Structure formats: structure tokens, C-alpha cells
Amino acid sequence: MPRSSSAWGAAHHGIRIDQPVHVLVGTAAHRRLAPDFREHVCAAPLAGREFYRLAEGVFSAGAALALALLELVYETCGTYQTRRTGVGSAYDVPPLACVDDLRTFVARNPSLVGAGKLGRVLRYTADRSASARETKQALVLGLPLRQGGEGLGIPRMNFVVRASPAARAISGRSSFRCDLCWPEAKLDVEYQSRFAHEGEASRLRDSRRTNALMAMGWTVVGVTNDELDSLAATETIARTIRRHLGKRSQFRIDDLHARKLELRRQLGLGVG
């Protein structure tokens, strides 16, 4: 077994190893591997297949054990990566895990430290987020009011809608991918990033897509980057979504505004 993180890095060039390296060991007798390790005793047996073999007797924790933050779960189960889960930023990458697999892991390992916290986090997660900004938008709109969200319920992410013949004639497409979607209400909320929605060709494509979905009875709501960074704009958009979903608009949380500001601070969003 390698006795230092540098030896692990040399043996596995495709893996980025941040220091200090946190290591699970079976007993206290295995502590003090090297100065750049931080050992944690875990005597509980671990079920499932959430580990990757690096060397004889050495395994790397899969996504389930590495998660600590809600955004990290979205990224792990999404199609993008940042420095949290990869060497650099990238899009259209295969997900590292899915929410159902993480729920299964928690159910199999209830005694593991942090399992309860992860289980609570998973109630507010979704697969297939395509960017960090989409994740932030889903959390701001979907989290309960007591947590500073708009209480609209966590949407489906990048949900695929099959085009009707009429919609196919308008758009020339057989399906549409909806960024944030409430399928039962036929509601599609699109995050209009500068990168993906600039230029005349993009505007024409977006217009045909919107018209095609509307022809199928869908409602399409666009959210720009600046609107996401504005609390007032987000609240206005949330009211529109709330009416469409038929949700109550009466709130009885005295410090709701402060909770929204705190959530935005934690997500790194502006207030406008």
C-alpha cells in the first residue's frame, strides 16, 4: 500500500488527489499512515459497491461518501463538472451517480456517519442538471420557504418531451429538452445562459422551440442570467410559476426575506 499521497498520485495519473487526504481505516491501529493523511476510524461494515479499487487493500470512496453539500449532489448526478468533481470545468459529461443510487446507498448504510444528513439532502435533489447555474435556479425556486426557497417543489431537470406532429412541423425536432420542468403542469422554465442563447440563429431556434411547445399546450418561462441574480426578478417569476402550478401564495414566515437572502449568499447569487 502506498505510504503517501504523492505515491498514490504517481500510481494513478488520472486521479486528482487533494491534500490532506482523508482516509477511512478499520481500527485505531491503522492510524498515522503519513503526515499528509487524515485518518478516520470507521468500524461499521459498508454495504454496496460504492468503492473503486486503487491497490491491494486500498479503495477510493465513490460519489456517495464524498458528498457534503447539496450543490455537490446535483453536480455528481448531473452532466457538468467543476473543480468539485473534476480537474476542470466541463459540460455534457456522463453523470458520476444518480439520485436513486445514492438513496439506496444511504438505506444500506444507515449507521455510517453522515448518512442521515445525506438522506435529508436527497429529498431536494434531481438528476441531469446541465450546469451550476441551472442547479442554483432549481434550488432557489424549489427549496421550501423555511430554507429560503420559493417553495415550488424541486423540478425535473432536462426532462425530455416528445414532439407532436404539429410541434415537429414547426421546429423540425422530434423532442425537446426542458431545463427545469414540472411535467404534470406542462411547465418548462428555461435558463437562458449567454453562451447558449446569443446570436440570431439561437434566437430563431428558441422561438421555434417555444412555439412548438406552446402548440402542445405547454407554458414556457425564460429566466436570464441577470434575472437569476436579482431577488426581485426571481420572486416575480416565482409568482408566475406558482399561479400556473396552483400553489398557495399566502406565507406566514416572519423572516422569509432574510432566509431568501441567506440562501442566495450560500449559493453565491446576487440580489439585484
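(A) Inspection of helix α9 (residues 200–215) at higher detail. Look at α9: 23 Å from first C-alpha to last across 16 residues, which is about the 22 Å you get at 1.5 Å a residue. Along α9, the residues that are buried comprise Ser202, Asp206, Arg209, Ala212 and Leu213. Along α9, the residues classed as buried sweep out an arc of 130 degrees about the axis, all on the same side. Positive backbone phi, approximately 90 degrees, marks glycine 217, located one or two places after α9.

(B) Quick peek at unusual backbone geometry. Phi at aspartate 92 is positive, roughly 55 degrees, even though this residue is not glycine. Since its relative accessible area comes to 67%, aspartate 92 is described here as exposed. A positive phi angle is found at lysine 186, which is not glycine, with a value near 50 degrees. Tracing the sequence through the fold places lysine 186 in the loop between β8 (175–182) and β9 (187–192).

(C) Quick peek at the packing of helix α11 (residues 231–245) against helix α12 (residues 256–267). Running from amino to carboxyl end, α11 crosses α12 at an angle of 110 degrees, the nearest separation of the two axes being 12 Å. Compared by their axis directions, α11 and α12 come out roughly perpendicular. As for the relative orientation of α11 and α12, their crossing is right-handed in sense. Residue-level inspection shows Leu231, Thr234 and Glu235 of α11 in contact with α12, the latter providing His257, Lys260, Leu261 and Arg264. Residues of the contact of α11 with α12, tallied by class, amount to 2 nonpolar, 2 polar and 3 charged.

(D) Representation of the pairing of β9 within the structure. β9 sits mainly inside the fold: 5 of its 6 residues count as buried. Alignment of β8 against β9, held across 3 bridges, turns out to be antiparallel. Bridge pairing links leucine 180 to valine 189 in β9. Strand direction decides the pairing type here: β9 and strand β10 (residues 219–224), joined by 6 bridges, are parallel. If you follow glutamine 192 over to β10, its bridge partner there is threonine 224.

(E) The pattern of salt bridges, seen in detail. Applying the stated criterion across every chain, the model contains 10 salt bridges. For arginine 242, the salt bridge is made with glutamate 150, and the minimal N-O distance between the two is 3.5 Å. In this pair, arginine 242 is assigned in helix α11 and glutamate 150 in the loop between α6 (132–142) and β7 (156–162), connecting sequence segments 92 residues apart. Where salt bridges share partners, they join Glu150, Glu235, Arg242 and Lys260 into one cluster.

(F) Spotlight on the pairing of β8. Among the 8 residues of β8, 6 are classified as buried, and the element is accordingly described as predominantly covered. Two elements, β7 and β8, share 6 bridges in a ladder whose sense is antiparallel. Along β8, the bridge assignment pairs arginine 162 with serine 175. Between the antiparallel neighbours β8 and β9 lie 4 residues, among them lysine 186 with a positive phi of about 50 degrees.

(G) Structural detail: the nonpolar core. By size, the foremost hydrophobic cluster in this structure holds 39 residues, and its most contacted members are Val189 and Ile241. Formed by 11 residues, the second largest nonpolar core is a distinct cluster that contains Phe159, Val161, Cys178 and Leu213.

(H) Just a positive patch on the surface, in detail. Among the surface-exposed residues, Lys117, Arg120, Arg123 and Arg146 lie close enough to one another that they form a single positively charged patch. Of note, lysine 117 is situated in helix α5 (residues 115–121).

(I) Molecular detail of α11. Taking 1.5 Å of rise per residue, 15 residues should cover 21 Å, and α11 covers 20 Å from first to last C-alpha, within 8% of that figure. Within the span of α11, buried status applies to Leu231, Ala233, Thr234, Ile237, Ala238, Ile241, Arg242 and Leu245. The inward-facing, buried residues of α11 abut α6, β8, β9, β10, α10 (225–228) and α12. Glycine 246 sits one or two positions beyond α11 and adopts a positive phi of about 75 degrees.

(J) Representation of the sheet that holds β8 in the model. One open sheet holds the 4 strands; their spatial order is β7-β8-β9-β10, and the pairing between them is mixed. Where the open sheet ends on each side, the last strands, each with one partner, are β7 and β10. Each strand of the sheet is rotated relative to its neighbour by a mean of 50 degrees, with strand direction disregarded. Its contacts with the sheet put α9 on β7, β8, β9 and β10, and the angle it makes with β8 is roughly 75 degrees.

Quick notes on the rules
- For every chain, the first residue of the written sequence is number 1, and numbering continues from 1 along that sequence.
- Restriction of local features to residues with pLDDT of at least 70 applies here, the model being predicted, together with a cutoff of 80 or more for giving and counting side-chain atom pairs; totals for whole chains, interfaces and linings are based on all residues.
- The side-chain quantities take in all heavy atoms of the structure and omit both hydrogens and water.
- Each helix is a run of H or I in the DSSP string that is no shorter than four residues. Each strand is a run of E no shorter than two, and both are numbered from the N terminus.
- Expected span, for any helix, means 1.5 Å times one less than how many residues it has.
- A 1.4 Å probe rolled over the protein chains alone gives each residue an accessible area, and that area as a share of the maximum for its type sets the label: buried under 20%, exposed over 50%, partly exposed in between.
- In this context, the arc is that of the directions from the helix axis out to the C-beta atoms.
- Angular values range over 0 to 180 degrees, each being the angle between N-to-C directions of two axes fitted as lines to C-alpha atoms, with helices fitted over their stretch in contact.
- Should an angle fall under 35 degrees it is taken as roughly parallel, and over 145 as roughly antiparallel, whereas 65 to 115 is taken as roughly perpendicular and any remaining angle as oblique.
- Crossings are sorted by hand: turned counterclockwise from the far helix by less than a right angle, the near helix makes the crossing left-handed, and turned clockwise it makes it right-handed.
- For this analysis, residues touch if any pair of their heavy atoms sits within 4.5 Å.
- Only Asp, Glu, Lys and Arg are considered charged in this grouping, and only Ala, Val, Leu, Ile, Met, Phe, Trp, Tyr, Cys and Pro are considered nonpolar; every other residue, Gly among them, is considered polar.
- Here a strand pair is declared whenever DSSP counts at least two bridges between the two strands.
- Any Lys or Arg side-chain nitrogen found within 4 Å of a carboxyl oxygen on Asp or Glu counts as a salt bridge.
- The nonpolar core is taken to be a set of buried Ala, Val, Leu, Ile, Met, Phe, Trp, Tyr and Cys residues, with the residues joined through side-chain atoms within 4.5 Å.
- Patch membership requires more than 30% relative accessible area and the absence of a salt bridge. Residues of like charge join within 9 Å; the nonpolar side chains Val, Leu, Ile, Met, Phe, Trp and Tyr join within 5 Å.
- The protein chains shown are the only cover counted for residues, whose accessible areas, like all others here, come from Shrake-Rupley with a 1.4 Å probe.
- Only four residue types enter the charge count, namely Lys and Arg as positive and Asp and Glu as negative; His and the chain termini do not.
- Taken as the charge location is NZ of Lys, CZ of Arg, CG of Asp or CD of Glu.

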